[in-house]
Amino acid sequence: MTWLPLAILVAPLAVAALLLFTGRRLPRGGDWLAIIVMAACFVGSIGVYRAVMTPSETEQAVSSPAATTAHDDFAAPPEAHELFGPSVAWITVPTTTSETANHEPRTATHSFAFGTYIDPLGAIMLMIVTGLALAVMIYTTWYLHGDALYPRFWWTFSFFCFAMIGVVISANLLMTFVFWELVGLGSYFLIGFWFHKPTVDKDPHYQHMKASYATGVIESKLSPADAQLKAFVMNRIGDAGFIAGLAICAWAVSAWATKGGFDLPDLLSWDILFRAVHEGAFDGISLCGMSGGTLLTIAGIGIFCGAIGKSAQFPLHTWLADAMQGPTTGSAIIHAATMVAAGVFLVARVYPLLTPDALLVISVVGGVTCFLAATIACVQWDLKAVLAYSTVSQLGYMMLGLGAGLLTGGYNAGIAHLFTHAIFKCLLFLGAAAIIHGCHEQQDLNKLGGLAKKMPVTALVTGLAVLAILGAPLFSAFYSKDGILAASWLASNSRSLHAHGAHWLLAWLPFWLGAATALLTSYYMTRWWVRIFLGQPGDHHVVDHAHDPWLRGRIVLVILALGCFQIVWTHHLDPFTAHAWLDDVIQPKTEGLYATMPAINEAQLEHTRHAYHVKAMTLATWFLAIGASLAVAVWWLMPRLGRNLAGELRAVWPMSWWWTLTSKLWGIEWLYDRLTAVFGKGLGSVAAAADLGTAKRLSELEGKPDGQPTCPLGLPSLDGGIDLIGRTASGFGKLSSAFNTGRIGTYLGLTALAVALVLLLLV
Amino acid sequence: VLDPLTLLIVAPLLAAGAVWLLPADRARNVALLGALACLIAGSGAFVDTVLHPGAGMRWETDLALIPAWGLHWHLGMDGLSAAMLALAGLVEVIAIIASHPESRQRGYFCLFSLLFAGANGVFVALDSMVFYVFWELMLIPMFLLIGLWGGEQRRYAAMKFAIMTLGGSVLMLAVFLGLWSNTPNDGVKVPVRLDQVLEQGHRADDHWTLHGLSVSGDPLPQLPAGMAVPVPDHPTVIVPRDFNIMHQQLLWSHWSHTTLFGISIATLGFWLLFVAVGVKIPVLGLHTWLPHAHVQAPTAVSVVLAALLLKLGVYALIRLPYGFFPTAALDAGILVAGLGTFAILYAGWVALMQRDLKRLVAYSSVSHMGYCLLGLAALTASGVNGAVIQMVTHGLGSALLFLLVGVLYDRTHHRRVDGFGGLAKPMPVFAGITLFAALASAGLPGLAGFVGELLVVLGSVQSDAARHVSATHYDAIRVFGLLACVGVIITAAYLLWMVRRVLFGPVTVPEYADLPDTNATELWCLVPLVVLTVVVGVWPQPLITSIGPTVDELVKQFAWVTAGNR
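These numbers were taken from a predicted model, which means no experiment stands behind them. (Residues numbered from 1 in each chain as written. Chains lettered and ligands numbered in written order. Predicted model: local features only at pLDDT ≥ 70, side-chain atom pairs only at ≥ 80, totals over all residues. Heavy atoms only, no water.)

Caption draft 1: Expanded view of the overall build of chain B. Assigned secondary structure in chain B consists of 22 helices and nine strands. For 566 residues, the compact-globule formula gives about 24 Å, and the C-alpha radius of gyration of chain B, at 23 Å, lands near that figure. In chain B, which comprises 566 residues, the proportion classed as buried is 70%. Of all intrachain contacts in chain B linking residues separated by at least 6 positions in sequence, the fraction that spans at least 24 positions is 78%. Across chain B, the 28 positively charged side chains and the 32 negatively charged ones have centroids separated by 11 Å. (Helix = DSSP H or I, 4+ residues; strand = E, 2+ residues; numbered from the N terminus. Rg over C-alpha atoms; globule rule 2.2 N^0.38 Å. Buried < 20%, exposed > 50% of the residue type's maximum accessible area, 1.4 Å probe, protein only. Contact = heavy atoms within 4.5 Å. Lys, Arg positive; Asp, Glu negative; His and termini not counted. Charge placed at Lys NZ, Arg CZ, Asp CG, Glu CD.)

Put into structure tokens, the structure is as follows:
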């Protein structure tokens with residue numbers, strides 16, 4: 001059983017490698033091979049899940065201490081445990097230290113290893129990843145059939161699955177980073193699937209199907225090729241923070257181990273890393289006057305930067321909407337269900353590293369993201385763009401939950417939302433794929449409408465998914481979404497108790513933004529569904545031939561729809577605190593934060609949490625009712641009555657102002673374009689000119705073939721300055737021109753002469 | 001005389017002679033034969049250091065040339081040399097295969113072979129004069145290769161290369177001779193590390209020797225178990241006046257206490273040598289010959305220049321300034337690390353806006369070499385290992401990128417980034433390898449570039465090499481390590497933006513719609529590099545096993561120096 005996760009990891013890689021070289025020669029592009037292997041992986045991951053949740057007698061030995069912790073509220077159910085796979089050293093660097101008393105150098109060996117690790121969090125994530133990948137693969141055989149690049153999808157997608165599984169089952173921070181970047185590469189491949197397309201302002205097809213209202217997109221800089229570049233570089237911005245945080249962690253652990261005088265088989269493995277934090281490894285380091293505690297916060301925020309990039313959090317969220325340039329089914333899993341959720345997963349994984357300050361940062365970033373994206377989603381007219389911004393918003397929601405801390409229940413709710421969201425957002429994207437495919441690639445909500453009759457199955461399942469994302473009772477997000485709201489409410493309350501001014505504002509901001517998002521979400525998702533499936537189509541030609549997907553597609557949709565119901569999740573949403581370290585490490589650390597809370601003992605805390613959950617549930621249900629009714633009124637009822645209420649509202653101040661701001665994406669896209677122009681290209685040009693001289697100098701250099709550099713020296717460039725030194729050193733040029741006779745014999749003779757001369761000089 | 005290390009020098013020299021004598025159509029094959037011999041010997045050396053890792057020199061040859069002056073034909077290698085020799089052999093073979101000079105075949109391959117002899121010689125020379133001769137032997141053929149077979153501006157580029165690098169070499173020679181003439185006739189008594197004696201010394205009948213010098217000191221009261229010959233405590237040796245590099249490395253405490261013109265010889269010598277090898281690395285500020293040389297040089301010469309000659313600079317930096325003058329190196333650590341970090345960021349920024357593909361790759365080399373400086377200045381095991389791995393991986397990556405630019409240039413006769421577009425459609429294999437090379441160069445985990453950059457960052461964040469400079473500078477190298485993380489953004493930006501403009505989007509130039517994809521000869525050059533890039537990226541441990549002991553020796557020496565033995 002310990003080998004099973006490794007097998008699940010390697011199998012998609014083998015498929016990807018095989019299909020990369022042979023895919024085009026295999027029948028149907030080798031899709032059957034990818035699907036069969038992924039099905040096997042899914043079955044295997046069910047086995048892993050069962051093994052983790054119900055250990056057999058023989059595997060008791062590897063079960064974690066948490067399994068026996070009698071901690072009713074926070075500890076795992078007694079049957080959950082961890083599964084450590086085989087581990088091999090990847091890099092072993094002997095480290096010599098002079099820290100010993102007698103100044104004799106001593107050598108310690110610290111390794112970075114590759115290994116697998118599964119806990120309940122990972123086991124469920126593994127099932128979600130392989131299961132959704134399988135569903136999407138089967139669906140894609142319908143969606144992409146006939147595409148010229150059909151074989152290319154299968155190896156890129158298998159590669160992505162390999163990387164994603166790697167993130168889930170990695171046993172240490174470094175390997176997580178390795179697979180983390182590979183996930184980014186998989187996403188790069190899939191966004192640029194149609195790499196040959198021009199930018200969308202020159203793409204007649206896109207111009208035909210794009211939404212009719214301005215959306216703030218810079219069309220001359222949007223194409224699959226640009227989108228993939230943007231996604232990769234923005235992810236890299238986050239990853240720079242990730243690797244800096246990782247380096248600080250490695251420094252602290254290494255210093256701790258050196259002082260303790262022991263070798264580490266895997267420097268950054270979860271158990272060593274968290275034990276080191278627990279035992280005060282960070283107290284042993286300092287940087288520029290910052291204490292170890294501050295460095296721990298910085299490391300946590302640095303790693304969170306990686307999550308900001310991958311999970312498209314503010315301010316790095318802009319790549320996700322562009323990523324919709326990829327095939328919709330690819331987006332379904334990468335930019336909705338799994339890759340973007342990896343950031344949330346990472347935060348959950350490194351939770352014991354996160355200090356209260358880091359959690360506050362995560363809360364604020366999550367709150368700002370979910371609100372910002374929700375406001376944008378309200379005014380988007382591209383049906384995929386609505387879903388993209390909705391994804392950003394929901395990811396912000398998860399961060400909001402995680403940032404609320406463990407004692408508030410935010411950790412649990414955030415992770416629960418990660419899983420429930422993965423299913424219904426994947427379903428929404430697959431539904432969108434069906435609509436786009438059925439309506440001549442039309443994505444404009446204005447031209448769609450009344451599709452419920454033509455696509456009953458799609459209408460039904462996406463309707464269920466919308467209810468789920470709204471957090472309606474009996475649906476899956478009812479628990480997770482309200483839980484996040486309750487936790488952030490509680491956290492904001494306790495953070496604000498002794499805070500004043502800006503700190504007080506900062507404490508409450510995440511909750512306010514989260515609550516507002518609940519309202520906005522119910523509005524824009526209802527609008528999305530109503531606009532597509534009810535009412536009259538804006539353009540009859542578009543919907544004339546609309547139809548549900550093939551049978552296999554419908555089956556996939558219906559199976560995923562089952563995952564939208566609360567009942568499926570009932571027994572699976574609680575065990576994430578099985579992390580042994582969460583009890584050992586987090587709780588003592590966060591006690592300080594919550595010491596001001598009126599209730600601190602277990603029973604009282606449970607009572608407080610329950611009270612907040614009820615409050616949040618009431619609030620969220622009201623918001624749901626208001627937002628959904630508003631959307632139905634504006635987008636279904638009023639058009640039936642012949643009134644364009646939306647248009648009228650848009651014209652009234654301050655709605656006009658708000659509409660402009662949000663439909664221009666808050667100006668962020670524009671700002672980044674300017675920043676790239678100034679700091680990337682502008683500053684790059686200045687640096688280039690300072691180095692080799694201006695374009696004029698270079699062209700003059702190039703324009704004088706084989707001549708002495710008679711051009712202006714190109715000062716103040718560095719190269720020009722060196723030329724000046726060279727020219728003042730007289731005679732060098734003439735001397736060398738004597739060598740340049742063009743005869744090999746001369747050159748070889750001179751070489752030999754030079755060597756001989758040197759030898760002679762020495763004697 | 002035909003031990004493997006001499007073979008590494010003699011084989012290309014013989015090839016050079018044979019090329020000159022035989023008809024022109026044999027030139028390539030003869031040169032290839034010489035390069036293959038180098039590859040085999042180099043790989044053998046590398047395998048030996050992997051299977052039997054250890055610090056200290058092995059396979060030594062020591063013939064006295066001028067005994068009175070202490071001038072010896074002294075060759076030897078350790079893990080660091082061996083890794084470089086293996087890389088050199090590979091690059092040499094690939095460069096010969098990738099060469100297709102249009103004229104003067106014999107001269108071209110003859111010079112190429114001489115260049116290889118020089119490069120291999122630098123990696124194995126243990127006598128500073130022999131080192132210097134090989135250093136020059138590699139510069140002059142390179143000057144001629146650029147100056148005669150280069151592009152339109154070849155003479156300007158070649159002159160710039162020659163003046164800057166030869167200017168550097170003069171400083172090197174000056175330091176070598178200066179050190180020699182400042183050593184007293186009867187030698188200097190200096191302390192050495194006990195563990196160095198135990199690890200690298202030899203047991204003679206009744207005493208220990210280290211690098212051929214007999215070790216004296218206080219007798220140890222207790223003999224370690226199994227030691228037949230008593231080990232002296234506080235060991236010292238008397239270093240004679242000679243050119244032996246290993247002996248020079250023992251003399252550091254002497255130089256830090258001897259002054260010339262009021263400056264300690266250690267400081268003076270360190271900076272002179274730093275500039276001498278810094279031109280070659282190239283260190284930021286001394287790098288402007290590189291873009292010119294690369295742009296003008298033919299493809300294969302660019303490959304050798306980037307993959308091999310820049311490595312000689314870093315190799316010499318580790319051996320000479322850092323080996324000879326550790327006290328000065330510690331004082332200079334902040335500046336070296338700062339130069340490295342600034343190079344990573346600034347050269348990346350410059351690369352972003354380059355319009356010539358070769359110039360872009362040239363600046364990426366300057367940026368990548370910044371990691372070597374940073375890692376070395378950190379003086380931690382991770383940092384220095386990372387710096388050396390970065391040398392190897394940059395060798396693979398830059399060779400790959402220059403070969404790919406050559407593939408394009410052969411087909412289209414230009415290298416302007418904005419003159420291409422959508423080449424992934426007509427040339428899928430080329431596009432795949434180019435994307436691969438860009439990602440490897442951008443440090444994608446799983447490919448070679450990541451390992452070096454990771455270890456450099458980890459090593460420099462852990463560094464406390466600056467602690468002896470002053471309290472305020474204590475954290476400087478750590479902060480530089482964190483700043484270097486920003487490099488991963490810039491590197492990805494300029495490489496993948498280049499990839500996007502050249503490979504993706506619609507085909508912009510109609511004539512390029514049916515360019516032929518890579519042919520078999522080109523694949524013979526590219527595929528080995530691709531495979532090695534993956535192998536080193538996935539399984540870097542053999543490389544660390546090979547270079548680790550040498551690096552550890554360096555780190556130990558510095559730890560000893562910092563621990564109060566200044």
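Caption draft 2: Here's a closer look at the overall build of chain A. When helices and strands are tallied, chain A shows 30 helices and two strands. The 763 residues of chain A split such that 61% are buried. Pairs at least 24 apart in sequence give 80% of the contacts found in chain A among residues at least 6 apart. Accessible area for chain A stands at about 27,700 Å²; split by element, carbon and sulfur atoms hold 68% of it. (Areas by Shrake-Rupley, 256 points an atom, 1.4 Å probe, with all protein chains shown as cover.)

Caption draft 3: How the structure looks around empty space enclosed by the protein. Residues and elements named next belong to chain B. According to the stated counting rule, one finds eight cavities of 30 Å³ or more in the structure shown. In this structure, the largest cavity encloses a volume near 350 Å³. Lining the largest cavity are 24 residues, with Gln 249, Arg 319, Thr 550, Glu 553 and Leu 554 sitting closest to its centre. Contributing elements (two or more residues each) for the lining of the largest cavity: helix H7 (194-200), helix H8 (245-250), helix H12 (299-319), helix H13 (321-324), helix H16 (381-412) and helix H22 (541-565). If one sorts the elements of the lining of the largest cavity by residue count, H22 sits on top with six residues. When its residues are assigned to classes, the lining of the largest cavity shows 13 nonpolar, eight polar and three charged. (1 Å grid on protein atoms, 1.4 Å probe; cavity = no way out; pocket = protein on both sides within 12 Å on 5 of 7 lines; lining within 4 Å. Points joined across faces, edges and corners; volume = space filled by probe spheres on them. Nonpolar A, V, L, I, M, F, W, Y, C, P; charged D, E, K, R; others polar.)

Caption draft 4: Structural context of the interface of chain B and chain A. Taken together, the contacts link 89 residues of chain B with 90 residues of chain A. Here chain B meets chain A over a buried area of about 7,800 Å², counting both sides, of which 72% is carbon and sulfur. Linking chain B with chain A are two salt bridges, by the criterion used here. Of the charged contacts, one joins Lys 160 of chain B and Asp 719 of chain A as a salt bridge, the two residues approaching to 2.5 Å between their closest N and O atoms. On the surface where chain B and chain A come into contact, there are 17 residue pairs in polar contact (both at pLDDT 80 or more). (Buried area = accessible area lost by both parts, 1.4 Å probe. Salt bridge = Lys/Arg side-chain N within 4 Å of Asp/Glu carboxyl O. Polar contact = N/O pair within 3.5 Å; in protein donor to acceptor, adjacent residues only side chain to side chain.)

Caption draft 5: Structural context of unusual backbone geometry. That bond from Phe 314 of chain A to Pro 315 of chain A is cis: its omega, 5°, falls within 30 degrees of zero. Inspection of the secondary structure assignment puts Pro 315 of chain A in the loop between helix H9 (292-310) and helix H10 (318-322). We note that Ala 312 of chain A has phi near 55°; this positive angle belongs to a residue other than glycine. Looking at Ala 312 of chain A, the relative accessible area reads 0%, which means it is buried. Backbone geometry places His 413 of chain B, a non-glycine residue, at a positive phi of 60°. Along the polypeptide, His 413 of chain B turns up in the loop between H16 and helix H17 (428-441).

Caption draft 6: Representation of helix H1 (residues 4-21) of chain B. Residue and element names in this part refer to chain B. Here H1 contains 18 residues, and its C-alpha end-to-end distance of 25 Å stays within 8% of the 26 Å for a straight helix at 1.5 Å per residue. Within H1, the axis deviates most sharply at Val 10, by approximately 25°, and proline Pro 12 lies no more than four positions further along. All buried positions along H1 are accounted for by Leu 5, Thr 6, Leu 8, Ile 9, Ala 11, Pro 12, Ala 15, Ala 16 and Val 19. Structurally, H1 contributes buried residues whose contacts are with helix H2 (27-51), strand S1 (58-66), strand S2 (71-77), helix H3 (79-98), helix H4 (105-124) and helix H5 (128-149). (Expected span 1.5 Å × (residues − 1). Bend = angle between axes of the 7 residues up to and from the residue.)

Caption draft 7: The side chain of His 414 of chain B, seen in detail. All names here are of chain B. Locating His 414 in the fold gives a position in the loop between H16 and H17. With relative accessibility at 10%, the residue His 414 sits in the buried group. Only 3.1 Å separates the side chain of His 414 from the backbone nitrogen of Arg 416, close enough to count as a polar contact. Beyond its immediate stretch of four places on either side in the chain, His 414 contacts Tyr 409, Gly 419, Phe 420 and Tyr 512.

Caption draft 8: Broad picture of the environment of Val 275 of chain B. All names here are of chain B. Along the chain, Val 275 turns up in helix H10 (residues 265-278). Val 275 gets classed as partly exposed once you look at its relative accessible area, which sits at 31%. Remark: the alpha-carbon pair of Val 275 and Gly 167, spanning 108 residues in sequence, is separated by 9.4 Å.

Caption draft 9: Focus on the nonpolar core. Among the nonpolar cores identified, the biggest contains 470 residues, and Phe 112 and Phe 131 of chain B are the most heavily contacted of them. Sort the elements by how many residues they give to this core and helix H7 (residues 224-260) of chain A lands first, with 21 residues. Ignoring any residue separated from it by four or fewer positions in sequence, one finds Phe 131 of chain B in contact with Val 122, Ala 125, Met 172, Phe 176, Ile 245, Tyr 315, Ala 316 and Leu 320 of chain B. Judged by nonpolar contacts, the second largest core, of 17 residues, contains Cys 370, Leu 485, Phe 511 and Phe 623 of chain A. (Core = buried A, V, L, I, M, F, W, Y, C linked by side-chain atoms within 4.5 Å.)

Caption draft 10: Up close: a nonpolar patch on the surface. Residues and elements named next belong to chain B. Together, Val 527, Val 531, Leu 532, Val 534, Val 535, Val 538 and Trp 539 line one region of the surface with nonpolar side chains, adding up to about 570 Å² of accessible area. By the element assignment, Leu 532 lies in helix H21 (residues 520-538). For Leu 532, a relative accessible area of 32% puts it in the partly exposed group. (Patch = residues over 30% accessible without salt bridge, like charges linked within 9 Å, V, L, I, M, F, W, Y side chains within 5 Å.)

Caption draft 11: Structural context of the packing of aromatic side chains. All names here are of chain A. Summed over all chains, the structure comprises 54 aromatic pairs over all chains. Measuring from ring centre to ring centre gives 4.5 Å for Tyr 351 and Tyr 411, while their planes differ by 50°; the resulting arrangement is tilted. Here Tyr 351, found in the loop between helix H12 (341-349) and helix H13 (356-378), pairs with Tyr 411, found in helix H15 (residues 410-438); they are 60 residues apart in sequence, far enough to count as distant. Tyr 411 gets classed as buried once you look at its relative accessible area, which sits at 0%. One aromatic cluster is present, formed by Phe 114, Trp 155, Phe 159, Phe 162, Phe 179, Tyr 188, Phe 189 and Phe 232 through successive ring pairs. Of note, Lys 481 hangs over the ring of Tyr 397, and the distance from its end group to the ring centre comes to 5.9 Å. Its guanidinium or amino end placed over the ring of Trp 489, Lys 615 lies 4.6 Å from that ring's centre, counting from NZ or CZ. (Phe/Tyr/Trp six-rings, centres within 6.5 Å; stacked < 30°, edge-to-face > 60°. Lys NZ or Arg CZ within 6 Å of the ring centre and 35° of its normal.)

Caption draft 12: Inspection of the confidence of the model for chain B at higher detail. With 97% of its residues at a pLDDT of 70 or more, chain B has an overall mean of 89. Scoring of the predicted complex yields 0.90 for pTM and 0.92 for ipTM. (pLDDT = per-residue confidence, 0-100.)

Caption draft 13: Inspection of the state of the cysteines at higher detail. Counted under the stated rule, the structure contains zero disulfides over all chains. Summary of cysteine pairing: Cys 249 of chain A is not part of a disulfide, and the nearest cysteine sulfur, belonging to Cys 485 of chain B, is at 12 Å. On the accessibility criterion, Cys 249 of chain A (0% relative accessible area) is buried. Of all cysteine sulfurs in the structure, the one in Cys 110 of chain B sits closest to Cys 38 of chain B, which takes part in no disulfide; the separation is 14 Å. (Disulfide = S-S within 2.5 Å.)

Caption draft 14: Seen up close, the pattern of salt bridges. All names here are of chain B. By the definition in use, this model includes 20 salt bridges over all chains. Notably, a salt bridge pairs Arg 58 with Asp 48, separated by 3.0 Å at the nearest N-O pair. In this pair, Arg 58 is assigned in strand S1 and Asp 48 in helix H2, connecting sequence segments 10 residues apart. One exposure class covers both Arg 58 and Asp 48, and it is buried. A salt bridge links Asp 195 to Lys 556; the nearest nitrogen and oxygen atoms lie 3.7 Å apart. Note that Asp 195 is positioned in helix H7 and Lys 556 in helix H22, a separation of 361 residues in sequence. Exposure class is identical for Asp 195 and Lys 556. Each is buried. Overlapping salt bridges, with partners in common, bring together Arg 193, Asp 195, Glu 199, Asp 552, Glu 553 and Lys 556 in one network.

Caption draft 15: Quick peek at the pairing of strand S3 (residues 188-191) of chain B. All names here are of chain B. Only one face of S3 is covered, namely the face carrying Val 188 and Val 190; the face carrying Lys 189 and Pro 191 is uncovered. Here S3 runs beside strand S7 (residues 232-239); their pairing, made up of four bridges, is antiparallel. Residue pairing across strands places Pro 191 opposite Thr 236, the latter belonging to S7. (Pairing = 2+ DSSP bridges.)

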